[in-house]
Amino acid sequence: MKENRGCFYRGARDGTPIALGYFAVAFTLGIAAKNAGFSAVQAMVESLTNNASAGEYAVFSLVAAGAGYWEVAVMTLVANARYLLMSCSLSQKLALDTPLLHRLLVAYDVTDEIFGISIAYPGRLNPWYTYGAMAVAIPGWGLGTLLGVMVGNVLPLRLASAMGVGLYGMFLAIIVPPAKKDRVVLGLVLLSFAASYAASRWSLLAGAPPGVKTIVLTVAISLGAAVLFPADGKGEAQA
Amino acid sequence: MKNIWLYILVSAGVSYLIRATPLVLIRREITSRTLRSFLYYVPYVTLSVMTFPAILEATQSPLAGALALCTGAVLAWRGKSLLWVAASCCLVVFVAELALV
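For clarity, every value in this text was computed on a predicted model and none was experimentally measured.

A. Quick peek at the overall build of chain B. Of the regular secondary structure elements, chain B holds 5 helices and 0 strands. Along chain B, helices and strands appear, N-terminal first, in the series α-α-α-α-α. Its C-alpha radius of gyration of 20 Å places chain B more than 25% over the 13 Å reference for a compact globule of 101 residues. Overall size of chain B, expressed as C-alpha extent along the three principal axes, is 50 × 50 × 20 Å. Across the 101 residues that make up chain B, the buried fraction comes to 50%. Looking at chain B alone, contacts between residues at least 24 apart form 45% of all its contacts between residues at least 6 apart.

Right, dumping it as C-alpha cells:
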C-alpha cells in the first residue's frame, strides 16, 4: 500500500509539466470546438472521454464540416491508431498478473505523454504511478478545453507558446537518456528526426492527418531496427 | 443538425477501444525476438517523430523552438529530471520570444 502511494505521488510530480502543457494545448482545442458548434461542457466531455489532441482536432473539424458519424469513427481510428501500438508496448511493461481493472484504467489515458513517462518508469510499471500522472494531467486537459471555449483568445500567445513547448521538452527527457546508453537508440532518434522532417516536407504525407505520419514512420523505422538490430537483453529495459 | 452528443459518444468509444484492446488481450510475455525488439524501439521512435520538426512549429518563432530543442537535449543528456528539462524548455522559449517576437 505504502509503495503504491509513493508511486502515485511520483506520478503526480512527473505529471505536473504534462498538466501545464495539456492546459495550453487543450485551450487551443477549445477554440476549435467552439467553431464546430460544441458548447463548453460538450467540448470538455469530448476531451475527458477522448484524451487525444490530434484525434479531437480531427473530430472538431469534421463536425464543423458537417460529416457523418461513420466518417468521425474512421477518422478517430486513423488519428489515434498510434495508441494501439503504445498499448501493445505497455502490455509488456505491466506485470503479467496485473488485474483486468488496472488494465482498463491504465488504457483510459494512454496518450503520447502519459505513455512516455510510463515507459520511462524503471522496471515493471506500477499502475499507481500512471494514476498519479493522470490525476493531475486530466484536469489540466479538461479545464483547458472548457476555458478555451469560454474565453477564447485571452491566454497571451507568448504564454501559450512557452507552455506548449514543455511537452516536447518532456519527450526529450524521455528519449535522450536511453540514447546516451544505447547507440542504436541514438541512431534511431536521429533517423526519426530526419525522416519526420522529410515527411513533413513531402506533399503526400504532409497533407495527411498528423497521426498517420506518426504511425507510418514509427512502424517502418521500428520494424527495420528490430530486424537489423534485435534488442537481445535490452528487452529488460522494456520489461 | 446532427447530435453533438452522438459524435462525442462515437469518438470516445473508438478512442477507448483502440487503447484498451491490446492491454486487455495481451496477457503474456511476447517471446518473438523481432516483435520484442519492435516494441522496445517503438516508444523512442514514435516520441522522436512527434518531437521534430513539431517543436519548431509549436512556438511563435521557429528559432525559439530550436533553442528549446538544444537546451532540452543537453539537459536530458546530463541526466536532469523530467520536470527540470520541461521547465527549462518553457523558460528558454519565453525568454527567447521576448527578444524575437
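B. Representation of the environment of leucine 56 of chain B within the structure. Residues and elements named next belong to chain B. As for its placement among the helices and strands, leucine 56 is situated in helix α3 (residues 54-57). Here leucine 56 falls in the buried class, since 20 other C-beta atoms lie within 10 Å of it. Separated by 45 residues in the primary sequence, leucine 56 and valine 101 place their C-alpha atoms 14 Å from one another. Dropping the residues within four chain positions of it, leucine 56 is found in contact with Pro62, Gly65 and Ala66.

C. Inspection of the packing of helix α10 (residues 166-181) of chain A against helix α2 (residues 33-51) of chain B at higher detail. The contact between α10 of chain A and α2 of chain B brings their axes to 10 Å, and the two run at 140 degrees. Considering the angle they form, α10 of chain A stands oblique to α2 of chain B. For the element pair α10 of chain A and α2 of chain B, the recorded crossing hand is left-handed. Note on element contacts: α2 of chain B touches α10 of chain A through Tyr44, Leu47, Ser48, Met50 and Thr51 of chain B, opposite Tyr168, Phe171, Leu172, Ile174, Ile175 and Pro178 of chain A. Classifying every residue of the contact of α10 of chain A with α2 of chain B gives 9 nonpolar, 2 polar and no charged.

D. Examining the confidence of the model for chain A more closely. Across chain A, the average pLDDT comes to 86, with 91% of residues at or above 70. Segment residues 235-239 of chain A: pLDDT under 50, and 9 contacts once partners within four positions in sequence are set aside and those in other chains are kept.

E. Representation of the nonpolar core in the model. One finds Ala137 and Tyr168 of chain A together with Tyr41 and Ala68 of chain B to be the most contacted residues of the largest nonpolar core, which totals 109 residues. It is helix α1 (residues 2-35) of chain A that provides the largest number of residues to this core, a total of 13 residues. For this core, the domains that each give at least three residues are domain 1 (2-174) and domain 2 (182-239) of chain A. Beyond its immediate sequence surroundings of up to four residues, alanine 68 of chain B is in contact with Val165, Tyr168 and Gly169 of chain A together with Ile55, Cys89, Val92 and Val93 of chain B.

F. Here's a closer look at the domain arrangement of chain A. Each domain of chain A was delimited in the assignment, giving domain 1 (2-174) and domain 2 (182-239). Taking only C-alpha atoms, the centre of domain 1 of chain A and the centre of domain 2 of chain A are 22 Å apart.

G. Molecular detail of the interface of chain B and chain A. Contacts between the two partners involve 64 residues from chain B, matched on the other side by 88 residues from chain A. Looking at the side of chain B that touches chain A, the element that brings in the most residues is α2 of chain B, giving 18 residues. Looking at side-chain class alone, the side of chain B that touches chain A contains 44 nonpolar, 13 polar and 7 charged residues.

H. Region of interest: unusual backbone geometry. Between phenylalanine 52 of chain B and proline 53 of chain B the backbone carries a cis peptide bond, its omega angle lying at 5 degrees. Counting through the fold element by element, proline 53 of chain B comes out in the loop between α2 and α3. One non-glycine residue, asparagine 51 of chain A, lies in positive phi territory at about 45 degrees. Among the structural elements, asparagine 51 of chain A can be located in the loop between α2 (40-50) and α3 (53-64).

I. Structural view of the packing of helix α9 (residues 157-164) of chain A against helix α5 (residues 82-100) of chain B. As a packed pair, α9 of chain A and α5 of chain B sit with axes 7 Å apart at the nearest point and diverge in direction by 150 degrees. The angle between the axes of α9 of chain A and α5 of chain B places the two elements in the roughly antiparallel class. Crossing handedness for the pair α9 of chain A and α5 of chain B: right-handed. Contact residues: α9 of chain A offers Arg158, Ser161, Ala162 and Met163 of chain A, while α5 of chain B offers Cys90, Val93, Phe94 and Glu97 of chain B. Residues of the contact of α9 of chain A with α5 of chain B, tallied by class, amount to 5 nonpolar, 1 polar and 2 charged.

J. Inspection of helix α6 (residues 100-108) of chain A at higher detail. Three or more residues of α6 of chain A are buried, namely Arg103, Val106 and Ala107 of chain A. An end-on view of α6 of chain A places all buried positions within 105 degrees of arc, on one side of the element. For α6 of chain A, the elements touching its buried residues are α5 (82-93) and α8 (127-151) of chain A together with α1 (4-25) of chain B.

K. A look at the environment of serine 222 of chain A. Inspection of the secondary structure assignment puts serine 222 of chain A in helix α13 (residues 210-228). In this structure, the C-alpha to C-alpha distance between serine 222 of chain A and valine 136 of chain A, residues 86 residues apart in sequence, is 31 Å.

What counts and what doesn't
- Residues numbered from 1 in each chain as written.
- Chains lettered and ligands numbered in written order.
- Predicted model: local features only at pLDDT ≥ 70, side-chain atom pairs only at ≥ 80, totals over all residues.
- Helix = DSSP H or I, 4+ residues; strand = E, 2+ residues; numbered from the N terminus.
- Rg over C-alpha atoms; globule rule 2.2 N^0.38 Å.
- Buried ≥ 20, exposed ≤ 12 C-beta atoms within 10 Å, placed from the backbone.
- Contact = placed C-beta atoms within 7 Å.
- Axes fitted to C-alpha atoms, helices over the stretch in contact; angles between N-to-C directions.
- Parallel < 35°, antiparallel > 145°, perpendicular 65-115°, else oblique.
- Left-handed = near helix turned anticlockwise from the far one by under 90°.
- Nonpolar A, V, L, I, M, F, W, Y, C, P; charged D, E, K, R; others polar.
- pLDDT = per-residue confidence, 0-100.
- Core = buried A, V, L, I, M, F, W, Y, C linked by C-beta atoms within 7 Å.
- Domains from an automatic or database assignment.
- Arc of directions from axis to C-beta.

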